[in-house]
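# Tertiary structure, described
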Amino acid sequence: YEKLLAAGTQLVGHVDLAADYDGLGVRWGIGHKKQSWHACEEACRGFNRGPLTGGPFKGLPCNTWTWCSRQACFEPDAHKHSLGDCWLKYQELPQSPEVNMRTPSASATSGPMRPSFLRRHKRAMAD
């Protein structure tokens, strides 16, 4: 993944409207509010690593994100979360993201950032 980023590979966002993706937090959702999942995805795409980002994983790139889409969201931690919280995360395999929760009533929207050549093409699978 690091080599792809260094080569300037364009990342393509994918969205899962009823899932909360796992990952190492490169930017916590608390205090990091975004108006929409689109804005959260863009924050992941534009994430700049470094000492000002905070947390123990601040040196990793962002390739997965989760956005709180309700007034209150459940996350597998000890904090209370609310509408607009945007977590920026890193997963080793964003093409096959690990999921914390996935239900039709999930309070989170998530998505991985993948190189465009990893997208599945429906026509290629038709034969």
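The coordinates are above.
All residue numbers refer to position in the chain's written sequence, counted from 1. This being a predicted model, a pLDDT of at least 70 is required before a residue's local features are given, and a value of 80 or more before pairs of side-chain atoms are given or counted; all residues contribute to the totals for chains, interfaces and linings. Each side-chain value is derived from all of the structure's non-hydrogen atoms; neither hydrogens nor water enter the calculation.

## Quick notes on the side chain of Asp-16
With respect to the helices, strands and loops of the structure, Asp-16 is situated in the loop between strand 1 (11-13) and strand 2 (19-21). Pairing of N or O atoms within 3.5 Å defines a polar contact, subject to two protein rules: one partner must be a possible hydrogen donor and the other a possible acceptor, and residues neighboring in sequence count only if both atoms are side-chain atoms. At a separation of 3.2 Å, a polar atom in the side chain of Asp-16 contacts the side chain of Tyr-21. Put simply, DSSP marks the helices as runs of H or I at least four residues long and the strands as runs of E at least two long, and each gets a number from the N terminus on.

## Topic: the packing of aromatic side chains
Note on ring pairs: Phe, Tyr and Trp rings are taken, using the six-membered ring of Trp, and paired if centres are within 6.5 Å. Classes follow the plane angle, with under 30 degrees stacked, over 60 edge-to-face and the rest tilted. Considering all chains together, one arrives at one aromatic pair under this definition. Both rings, one in Trp-37 and one in Trp-65, keep their centres 5.9 Å apart while their planes meet at 0°; by these two values the pair is stacked. Pair noted here: Trp-37 is in helix 2 (residues 37-45) and Trp-65 is in strand 4 (residues 64-68), with a separation of 28 residues, a long-range link. Assessed through its relative accessible area of 0%, Trp-65 is described here as buried. For every residue, the accessible area (1.4 Å probe, protein chains only) is compared with the maximum for its type, and the residue is labelled buried under 20%, exposed over 50%, or partly exposed between those bounds.

## Brief notes about the pattern of salt bridges
Between Lys or Arg on one side and Asp or Glu on the other, a salt bridge is scored when a side-chain nitrogen of the former is within 4 Å of a carboxyl oxygen of the latter. Per the counting criterion, the structure on display carries four salt bridges. Between Lys-89 and Asp-20 there is a salt bridge, and its shortest N-O distance comes to 3.5 Å. Here Lys-89, found in strand 7 (residues 86-90), pairs with Asp-20, found in strand 2; they are 69 residues apart in sequence, far enough to count as distant. Close ionic contact of Arg-45 with Glu-41 constitutes a salt bridge, the shortest N to O distance being 3.5 Å. In this pair, Arg-45 and Glu-41 are both assigned in helix 2, four residues apart and thus about one turn of the helix distant. For Arg-45, a relative accessible area of 30% gives the class partly exposed. A residue is classified by how much of its surface remains accessible, and Glu-41, at 11% relative accessible area, is buried. Linked by salt bridges that have partners in common, Glu-41, Glu-42 and Arg-45 make up one network.

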